[in-house]
Amino acid sequence: MTALLELRDLSVQYRTERGEVPAVRGVDLTLAAGQTLGLAGESGCGKSTLAMAVLRLLPKSARIGGEVLLDGEDVATMSWGRLRAVRWAQASVVFQGAMHALNPVRRIGEQIAEPITVHAEAGHEPSRTVLRRRVAELLEQVELPASRADAYPHELSGGQKQRVMIAMALACEPRLIIADEPTTALDVIVQAQVLDVLGRLVADNGLGLMMISHDLSVLAATCERIAVMYEGRIVEQGPSRELMGAPKHPHSKALAAAFPVVGDPEFRLTPQDAAGDGGTLLRTEGLRVDFPDRAGGTTHAVAGVDLEVREEEIVALVGQSGSGKTTLARTLLGLQQPTGGRVLFDGEPLPAGGRALRAYRRQAQLVLQDPTSALNPRHTVYQAVAEGLRIHRVPGDERELVADALAKAELRPPEQFFPVLPHELSGGQRQRVVIAGALALGPRLLVADEPVASLDASVRGEILALLLRLRAELGLATLVITHDIGLAWNIADRVAVMYHGKLVEVGPVEQVLLAPTHPYTKRLLAAVPRGAVTG
Amino acid sequence: MTAALVTAEEPPAPPQGRPGGGTLRYVAGKLGGAAVSLLSVVVLGFVLFRVVYPGDPVLAMTHNRPATAAQQDELRARLGLDRSVPHQFLDYVRGLLHGDMGTSYTFSRPVTDKILESLGPTLLLVGTATVLATILGLWLGIRGAWRRGSRFDRTSTGIALTLWSAPTFWLGMLLLIATGQLFPSGGIRYPDTPPDFLSQAVDVAHHLVLPCVTLIAVIYAQYLLVMRSSLLEEMNADYLTTARAKGLRDDLVRRRHAVPNALLPAMTLVFLQLGLVVSGAITVETVFSWPGLGLLTYEALEAPDLPLLQGLLVVFGGAVIVMNLLADLLYRVLDPRVRAS
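The name an unreviewed UniProt entry assigns to chain B is ABC transporter permease, from the organism Solihabitans fulvus. The annotation that UniProt attaches to chain B under Sequence similarities (unreviewed entry) is "Belongs to the binding-protein-dependent transport system permease family." Within the UniProt record for chain B, the comment given under Subcellular location (unreviewed entry) is "Cell membrane".

By the naming in an unreviewed UniProt entry, chain A is ABC transporter ATP-binding protein, taken from Solihabitans fulvus. The Subcellular location (unreviewed entry) field of the UniProt record for chain A holds the comment "Cell membrane".

Draft legend 1. Inspection of the packing of aromatic side chains at higher detail. Counted according to the given criterion, the structure contains 5 aromatic pairs over all chains. Ring geometry for A:Tyr382 versus A:Phe418: centroids 4.9 Å apart, planes at 65°, classification edge-to-face. Residue A:Tyr382 is located in helix α13 (residues 381–391), and its partner A:Phe418 is located in the loop between α15 (414–417) and α16 (427–439); the two are separated by 36 residues in the primary sequence. Accessibility expressed as a relative area gives 7% for A:Phe418, which makes it buried. Between B:Phe46 and B:Tyr92, the aromatic rings sit 5.9 Å apart at their centres with planes inclined by 35°, giving tilted as the arrangement. Here B:Phe46 is found in helix α2 (residues 21–52), whereas its partner B:Tyr92 is found in helix α5 (residues 85–97), with 46 residues between them in sequence. In this structure B:Phe46 comes out as buried when scored by relative accessible area, which is 4%. By relative accessible area, B:Tyr92 is classed as buried at 10%.

Draft legend 2. Quick peek at the UniProt feature "transmembrane region" (unreviewed entry) in chain B. UniProt records the feature "transmembrane region" (unreviewed entry) for residues 31–53, 123–142, 163–184, 204–226, 262–288 and 308–331 of chain B in the present numbering. Annotated as residues 123–142 of chain B, this span is 100% helix and 0% strand, and its ends, taken at the C-alpha atoms, are 27 Å apart.

Draft legend 3. View of the domain arrangement of chain A. Residues and elements named next belong to chain A. Taken domain by domain, chain A holds domain 1 (3–257) and domain 2 (279–527). Centre-to-centre, using C-alpha coordinates, domain 1 lies 35 Å away from domain 2. Facing 10 residues of domain 1, the contacting portion of domain 2 comprises 10 residues. Across the domain 1/domain 2 interface, buried area totals approximately 970 Å², and carbon plus sulfur atoms make up 51% of it. Interface area lost by domain 1 to domain 2 is led by Asp187, Val188 and Ile189, which between them contribute 55%. For the interface between domain 1 and domain 2, the tally reads 0 residue pairs in polar contact (both at pLDDT 80 or more). Per element, the largest residue contribution to the side of domain 1 that touches domain 2 is 5 residues, and it comes from helix α6 (residues 188–205). Among the residues making up the side of domain 1 that touches domain 2, the classes are represented as 6 nonpolar, 2 polar and 2 charged.

Conventions adopted
Residues numbered from 1 in each chain as written. Chains lettered and ligands numbered in written order. Predicted model: local features only at pLDDT ≥ 70, side-chain atom pairs only at ≥ 80, totals over all residues. Heavy atoms only, no water. UniProt positions renumbered as here; feature names shortened; annotations may be inferred. Phe/Tyr/Trp six-rings, centres within 6.5 Å; stacked < 30°, edge-to-face > 60°. Helix = DSSP H or I, 4+ residues; strand = E, 2+ residues; numbered from the N terminus. Buried < 20%, exposed > 50% of the residue type's maximum accessible area, 1.4 Å probe, protein only. Domains from an automatic or database assignment. Contact = heavy atoms within 4.5 Å. Buried area = accessible area lost by both parts, 1.4 Å probe. Polar contact = N/O pair within 3.5 Å; in protein donor to acceptor, adjacent residues only side chain to side chain. Nonpolar A, V, L, I, M, F, W, Y, C, P; charged D, E, K, R; others polar.

Right, here's the structure in full:
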């Protein structure tokens, strides 16, 4: 029996100005009909290039070596006509639909129906009613109402768009589905639902699935086998359970460590009782923030929150997108005026504006999610760090202060980083620059909004370790805002779970994550891939 | 509590309220904005020309002819210039509402008639040129972007930029010389053409060729460049990869998916340009003696003919405002995302 998909010594090089850059270097993989295979790796490891090579979707600058056999037929030698016929009908792709994989100006019904019409035999194009019925059927399979066919992509949520992508992939009843980061950018609960739908459809129809992700736990939840890719090569391959349980290659270990098992003490990086018994640094009392919505009503983004951050404490604020956690953070920093209630810093109410607010902002600094967009691409590292010092007219030698801040963020030797522009740095180094910019002002509280969400697995651990050391050495308190429960388990002392603008459960990490009492917390924990909650 | 938990994430709220209510409010808002802009143009026109030409228009009108003080006073009274400035303004606005823009000093005829007379030829010339230039520019832009860096792309962009930087009058004269006697050198029709429709139309078309070609050559570059760059922006969009993966032919990917999205920014430019249609051809009309608004403006400026200039300003400004309004409304039809916000 020929395999559904077979890669033989596949290699891909990109021609660039700097010469040929290899992306995939000699990969052998086999996928039989009905099997599921996960492909894991960090950004830049070549996993997406590999996926695109299967349907020859790579840009012209790519040079492909080796063979890609789809049902025994080499994709590289197919004529354009044959290739077009094979695309989607034999193998289809589930792209990252939450982003821009759907055409923004066409209705999703049309987009789902398009491949059906394209692949119909000449003269046998299905009629409009047949198409409509088929689209409705497909939407039903992914648990969306048929009426959504008339919606435009922007009218759907991220999870719904991803379901549309899946419905579209099934349109021509292919035997192989390639899913490229299908749940990245979705939060845990939605991710669990989408994975559930995808897994069920693949199993019901006996499809072959190749799923690509940087998240090992997502792959483990859906695939029988996992292959780990690193620098263009497959470094480890095996049954999911084995690979997750006992990774052999150092890179697989790093990947596995980035998605901690909640409840496993090995992943608990923060020492017990590390938090000092310091007094309360920041407190909110019945904080409310309302926004007018489009219908003329009011959205309660923050609906009465009492939160406390003690000195030298790391608190994780956990919740889904839309739960109001970012609004809460903005209010804590004085970037958003509360509608009701108040924020107390060091026992004093937050000043409403002017000089006093500026002085407060020196005390509480923000670290954003994506260091690439948080840094001005045209400012050097020195300028980026010195900007805050200049705004606040911090006394002292500017060069010394900048060097000091960079050293604290562990960019050593700091002088070497002064003239460097952000694009010359790695993702982890960029995040360190952002942190250095915050540290330069000598704050007492860091508010970190998803500080590691856009970083690769291997860098993630370093940044978390840095946050912990800053607390130990500088006595910094940190409020970490995240949808990643594993992150809370990694470093936080206490967890606050936010849902619909309210804190539904607050307490020490061990208590909230291991013995949750609120149904929402339970649900959130259950949605973490593998449901790996022990204890 | 658990019931509320079933919906894990809320989709963006569907448009609320009465169907079409949002659209009506949107249109009303845009109309209101346009009206305010138009009023500003009227006020500005009135004030501006009195600042630019502070002297007494009656003296300017009679400076070549012997006129007694009584005759001058009578002329002043006839033109309404003996009243206070605010009063003159009210008279002017009242007239405007009835479609009366006053009387031209130089032609001694109602400004409205004069403008309407010249409007037709201008719309014909600039309208034809803009439509053709848009089609040409968009087509070349799409082809260039799709094969970026190809010989075709480089040549067509180069030619377009050269023409864009050439002075209009110079290009017009060059064309005149280059084509020899093939096309008439000026005017809109010969006086001896038979009056039947067909011969008249052929004659006008014959006269139209040179000014039209000149105008197209000068303006198509902007459509080309905007279309090219906005398509290049879309070229790396993920949904194009999706379309290719679905097995669409390359030209279908371009026509169905890439171009509709890339057209959106280009639309704005096309409509801005359409607004300038009526005023945009002053040089071309002057070079080819085309009896349109451009030529009329040139003549009014020479005089100077205040009521005529004021009227022209209102028409030019009004055209830009109306076209912008149309662009806003059309954008809403073309881009579903604008409808939502």
